Amino acid sequence: MSHQLKLFERRKQRVRTAIRKNSGGRIRLSIFRSGKHIYAQVIDDAKGVTIAQASTVEKDLKGKAKSGATIAAAKQVGVLVAERAKKAKVSEVVFDRGGYLYHGRVKALADGAREAGLSF
């Protein structure tokens, strides 16, 4: 395992521990970022179910964005996952950025979700 990967895994574990400690049982907005796409899920950990999800792989978003690896595409995913969560009567979540820094596409996704009415 490379040094960078070890640091990422440690940061990811630190974020998850803080979320478990401070979430108070709230539903979690979890993200995954790859080189070409970004994915978001609203997860109820108590029930073990995914309530809503969105990604740049979906047909709805593929045509709108030039690439799935842009800040604009990430913002659209944030808006879409927030709209789907609101339909499922979820308005308050805990933001789980995983091991990713709160910058760039991760920040854009969070801003898009906030603008669409999700609070965290």
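Owing to the predicted nature of the structure, the values given are computational and were not obtained by experimental measurement. (Residues numbered from 1 in each chain as written. Predicted model: local features only at pLDDT ≥ 70, side-chain atom pairs only at ≥ 80, totals over all residues. Heavy atoms only, no water.)

**Q** Help me understand the environment of Lys66 in this model?
**A** The topology assignment puts Lys66 in the loop between helix 2 (59–62) and helix 3 (71–87). Residue classification places Lys66 among the exposed residues on the basis of a relative accessible area of 88%. Taking C-alpha positions, Lys66 is 24 Å from Ala52, a pair spaced 14 residues apart along the chain. (Helix = DSSP H or I, 4+ residues; strand = E, 2+ residues; numbered from the N terminus. Buried < 20%, exposed > 50% of the residue type's maximum accessible area, 1.4 Å probe, protein only.)

**Q** I would appreciate a short explanation of the sheet that holds strand 1 (residues 27–33) in the present structure.
**A** Within a sheet, neighbouring strands are paired by backbone hydrogen bonds and run either parallel or antiparallel to one another. On the basis of which strands lie adjacent, the open sheet formed by 4 strands has the order 3-2-1-4 and mixed pairing. On the outer flanks of this sheet lie strand 3 (49–55) and strand 4 (93–96), each paired with one strand and no other. Strand-to-strand twist across the sheet, computed as the mean angle between neighbouring axes with direction ignored, equals 20°. Of the strand pairs in this sheet, strand 1 and strand 4 are connected by 4 bridges, and their pairing is parallel. Bridge assignment links Ile27 to a residue of strand 4, and that residue is Val93. Across the face of the sheet, helix 1 (residues 3–22) comes into contact with strand 1 and strand 4 while running at roughly 170° to strand 4. (Pairing = 2+ DSSP bridges. Axes fitted to C-alpha atoms, helices over the stretch in contact; angles between N-to-C directions. Contact = heavy atoms within 4.5 Å.)

**Q** Where do I start with unusual backbone geometry in this structure?
**A** Most of the time, phi is negative for any residue but glycine, and the peptide bond is trans. Even without glycine at this site, Lys89 takes up a positive phi of about 65°. Summarising the element assignment, Lys89 is placed in the loop between helix 3 and strand 4.

**Q** Would you mind showing me how to read the nonpolar core here?
**A** The nonpolar side chains of a soluble globular protein tend to be buried, and buried together. If you look at the biggest cluster of nonpolar residues, it comprises 25 residues, and the most contacted ones within it are Leu29, Val42 and Leu109. Breaking this core down by element, the ones donating at least two residues are strand 1, strand 2 (38–44), strand 3, helix 3, strand 4 and helix 4 (105–115). Among the elements that line this core, the one with the most residues is helix 3, at 6 residues. (Core = buried A, V, L, I, M, F, W, Y, C linked by side-chain atoms within 4.5 Å.)

Purely spatial values, then, with no claim about function.
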